[in-house]
Amino acid sequence: MAQLFFKYGAMNSGKTIEILKVAHNYEEQEKPVVLMTSGIDDRDEIGMVSSRIGLRREAIPIFDETNIFSIIEKLTEKPYCILIDESQFLKKHHVIELATVVDQLGIPVMAFGLKNDFRNELFEGSKYLLLYADKIEELKTICWFCHKKATMNLRINEGKPIYTGEQIQIGGNEDYFPVCRKHYLQPFLNEQQQCEE
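Residues numbered from 1 in each chain as written. Predicted model: local features only at pLDDT ≥ 70, side-chain atom pairs only at ≥ 80, totals over all residues. Heavy atoms only, no water.

1. So, the environment of Val101
Here comes step 1: Locating Val101 in the fold gives a position in helix α3 (residues 92-105).
Here comes step 2: With near-sequence residues (within four places) excluded, Val101 lies in contact with Phe69, Ile72, Ile82, Gly106, Ile107 and Val109. (Helix = DSSP H or I, 4+ residues; strand = E, 2+ residues; numbered from the N terminus. Contact = heavy atoms within 4.5 Å.)

Written out as structure tokens, the structure reads:
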């Protein structure tokens, strides 16, 4: 039975590597997939899913006006799975369209993305995926400053933490660190002050 999955994690938790691995596993069995990503993310180029380790592949870009259900419904070959990267940037209507793909077309959807932004607020796409998803899974990584699990994303500008400003600023390790709660509130602590077990 088809389901809507939301797989979230902090920066550097391997979300893009995981989505590319899932696509490869399906296609190795000659089961076609549809790969989509946010049209906002232009770090590599629009419509490209790129991991930090150098893996990359073309995808259908999703813009605010994109109707995902309409795109999938019009395909001549029914895919075995729809894979969405950078799903935090989706709008509410996109998430409902993904749920409709699952419910009406019987195609599983796996959405990968961040849960919370640098202000520790939910992204719109993440909020509605948390509400509409059948299954939710956390992809884990460790804090940039210690050995604890990273649950938040810390925005950095000129070596200083930023807690206010526009929600969306596309960037990588030069702009964001995955951090635990303690280091989100108190970044750049020395080794003697790091989190305890």
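2. A short note on the sheet that holds strand β9 (residues 152-157)
Strands belonging to one sheet form pairs held by backbone hydrogen bonds; the direction of such a pair is parallel or antiparallel.
Here comes step 1: Spatial ordering of the open sheet is given by β10-β9-β11, a layout of 3 strands whose pairing is antiparallel. Edge positions in the open sheet fall to β10 (160-162) and β11 (176-179), since each of these has one partner strand only. Across the sheet, the mean angle from the axis of one strand to that of its neighbour is 45°, orientation sign disregarded.
Here comes step 2: Two strands pair when backbone bridges link them, and β9 and β10 are joined in this way by 3 bridges, in the antiparallel orientation. When the bridges of β10 are listed, Asn157 appears paired with Lys160. (Pairing = 2+ DSSP bridges. Axes fitted to C-alpha atoms, helices over the stretch in contact; angles between N-to-C directions.)

3. Considerations on α3
Here comes step 1: Helix length check: α3 (14 residues) gives 19 Å between terminal C-alpha atoms against 20 Å at 1.5 Å per residue, within 8%.
Here comes step 2: Restricting attention to buried positions, one finds in α3 the residues His94, Val95, Glu97, Leu98, Ala99, Val101 and Val102.
Here comes step 3: The secondary structure elements touched by the buried residues of α3 are β1 (4-8), β5 (60-62), α2 (68-73), β6 (81-85), β7 (109-113) and α4 (124-132).
Here comes step 4: Once α3 finishes, Gly106 follows within two positions and takes phi at roughly 70°, a positive value. (Expected span 1.5 Å × (residues − 1). Buried < 20%, exposed > 50% of the residue type's maximum accessible area, 1.4 Å probe, protein only.)

4. Some remarks on the pattern of salt bridges
Side chains that differ in sign of charge can pair as their charged atoms come close.
Here comes step 1: Throughout the structure, instances matching the rule amount to 6 salt bridges.
Here comes step 2: Glu137 serves as the salt-bridge partner of Lys7, at 3.4 Å between the closest nitrogen and oxygen. Of the two residues, Lys7 is situated in strand β1 and Glu137 in strand β8 (residues 135-138); the sequence distance between them amounts to 130 residues.
Here comes step 3: By relative accessible area, which is 11% here, Lys7 ends up buried.
Here comes step 4: By relative accessible area, which is 37% here, Glu137 ends up partly exposed. (Salt bridge = Lys/Arg side-chain N within 4 Å of Asp/Glu carboxyl O.)

5. Let's talk about unusual backbone geometry
Here comes step 1: Residue Asn12 is not a glycine yet carries a positive backbone phi of 70°.
Here comes step 2: Within the secondary structure, Asn12 is located in the loop between β1 and α1 (15-28).
Here comes step 3: The backbone of Glu30 sits at a positive phi, close to 60°, despite the residue not being glycine.
Here comes step 4: Summarising the element assignment, Glu30 is placed in the loop between α1 and β2 (33-38).
Here comes step 5: With a relative accessible area of 72%, Glu30 lands in the exposed category.

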